[in-house]
Amino acid sequence: LASDSDEAMAYAVQGGQAVVGSGLAMVDERTWFPREPVDTLPRFNAIYDARLETWKRHELAKAVESVLLTYTPSYDTPLPLAFDRVREQLPNAFFANHELNSGTYRRFEHDELPRLYAQANVGLCLSAVEGCMRASMQYLLCGLPVVSTRSVGGRDRYFGTGYCRVVPKDDPDEVAFAVRQLMALNLDRARIREHVGHILAFDRYNVLLDV
């Protein structure tokens, strides 16, 4: 299973066989769908749902006016150290896993995250190299437009030009500008989800057909 067409072609050139079957096509749309924002919680320009790893490049969000962070601990760094590092980079961000639990870290269940996505206008994808990045599809199925850096791993397969922006360089001001651009469009979340759903159906059908 290859994450995108380029990867499948690379296997073919070496004499192998590959099927385009991104892990993002298997994200469950029954869990991830648009919710109504909660009046008792603040609203944010953007949300970044990302593990507290250096390669997630949280620092690229520092020029966004208001950022909501949801996160799981680092694999390699103790949680207090990883948390302090990101808090130093983004001192004005809202660290939801701590701040919504009286300052103590709590991991959110999957059915809780879409409600937090509803409090933000745009989803952020800031890593340069990783796997398919499930959060990117979770954003889209919840109807959020997406701002991303250029990346390797296949998440851009589902980035429509009308509801996503891939910034030309890894710069906080570029990220913030793209967030403002998408916010100004006031896009319909249900239509984003519907469009992505058609692409998912196509990819799922092709995987089953090839298998």
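Residues numbered from 1 in each chain as written. Predicted model: local features only at pLDDT ≥ 70, side-chain atom pairs only at ≥ 80, totals over all residues. Heavy atoms only, no water.

Draft legend 1. The arrangement of the overall build of the protein chain in detail. For the protein chain, the count of helices and strands is 7 helices and 6 strands. The secondary structure elements of the protein chain, listed N-terminal to C-terminal, are α-β-β-α-β-α-α-β-α-β-β-α-α. Relative to the compact-globule value of 17 Å for 211 residues, the protein chain shows a C-alpha radius of gyration of 17 Å, a close match. Across the 211 residues in the protein chain, those meeting the buried criterion constitute 47%. Look at the contacts in the protein chain between residues 6 or more apart in sequence, and 60% of them connect residues 24 or more apart. Approximately 11,100 Å² of the protein chain is accessible, and the part contributed by carbon and sulfur atoms is 51%. Here the protein chain contributes 23 positively and 28 negatively charged side chains, and the mean placements of these two sets differ by 2 Å. (Helix = DSSP H or I, 4+ residues; strand = E, 2+ residues; numbered from the N terminus. Rg over C-alpha atoms; globule rule 2.2 N^0.38 Å. Buried < 20%, exposed > 50% of the residue type's maximum accessible area, 1.4 Å probe, protein only. Contact = heavy atoms within 4.5 Å. Areas by Shrake-Rupley, 256 points an atom, 1.4 Å probe, with all protein chains shown as cover. Lys, Arg positive; Asp, Glu negative; His and termini not counted. Charge placed at Lys NZ, Arg CZ, Asp CG, Glu CD.)

Draft legend 2. Spatial organisation of the pattern of salt bridges. This structure, assessed with the given rule, holds 8 salt bridges. Put simply, R57 and D170 hold a salt bridge, and the shortest N to O gap is 3.0 Å. Here D170 lies in the loop between β6 (164-166) and α6 (172-185) and R57 lies in the loop between β1 (44-49) and β2 (67-70), a separation of 113 residues in the sequence. Residue R57 is classed as buried on the basis of its relative accessible area of 15%. Overall, the relative accessible area of 38% leaves D170 in the partly exposed class. Salt bridges linked by common partners bring K56, E130 and R155 together as one network. (Salt bridge = Lys/Arg side-chain N within 4 Å of Asp/Glu carboxyl O.)

Draft legend 3. Structural view of the nonpolar core. Judged by nonpolar contacts, the single largest core of 58 residues is most densely connected at L69, Y117, L124, M137, Y139, L140 and V147. Contact partners of Y139, with chain neighbours within four places excluded, come to I47, Y48, D49, Y117, G123, L124, C125, L144 and V146. (Core = buried A, V, L, I, M, F, W, Y, C linked by side-chain atoms within 4.5 Å.)

Draft legend 4. Region of interest: the pairing of β2. Both faces of β2 are covered, namely the face carrying V67 and L69 and the face carrying L68 and T70. With 4 bridges joining them, β1 and β2 adopt parallel strand pairing. In the strand pairing of β2, I47 is matched with L68. As for the winding sense of the linkage, the β-α-β connection from β2 through helix α2 (residues 79-89) to strand β3 (residues 94-95) is right-handed. (Pairing = 2+ DSSP bridges. Right-handed = clockwise from strand over helix to strand, strands pointing away.)

Draft legend 5. Geometry of the sheet that holds β1. Strand order in this open sheet of 6 strands is β3-β2-β1-β4-β5-β6, and the pairing throughout is parallel. A single partner strand is all that each edge strand has here, and the edge strands are β3 and β6. Across 2 bridges, β2 lies against β3 in parallel orientation. Opposite L68, over in β3, you have F94 as the bridge partner. Relative to the sheet, helix α5 (residues 134-141) contacts β1, β4 (120-125), β5 (146-148) and β6, its axis offset from that of β1 by approximately 140 degrees. The strands touched by α6 are β1, β4, β5 and β6; relative to β4, the strand with the most contacts, the crossing angle is about 140 degrees. (Axes fitted to C-alpha atoms, helices over the stretch in contact; angles between N-to-C directions.)

Draft legend 6. Highlighting the packing of aromatic side chains. Inspection of every chain in the model, using the stated rule, returns 6 aromatic pairs. On the basis of an interplanar angle of 70 degrees and a centroid distance of 6.0 Å, the ring pair of Y71 and F95 is categorised as edge-to-face. Taken together, the residues Y71 in the loop between β2 and α2 and F95 in strand β3 connect sequence positions 24 residues apart. Comparing Y71 with F95 shows no difference in burial state: the two are buried. Between the aromatic rings of Y71 and Y105, the centroid separation amounts to 5.9 Å while the plane-to-plane angle is 35 degrees, which identifies the pairing as tilted. Remark: Y105 occurs in the loop between α3 (96-99) and α4 (113-117) and Y71 occurs in the loop between β2 and α2; sequence separation between them is 34 residues. Pairwise contacts between aromatic rings join Y71, F83, F95 and Y105 into one cluster. Between the NZ or CZ atom of R35 and the centre of the ring of F33, over which it lies, the distance is 3.8 Å. (Phe/Tyr/Trp six-rings, centres within 6.5 Å; stacked < 30°, edge-to-face > 60°. Lys NZ or Arg CZ within 6 Å of the ring centre and 35° of its normal.)

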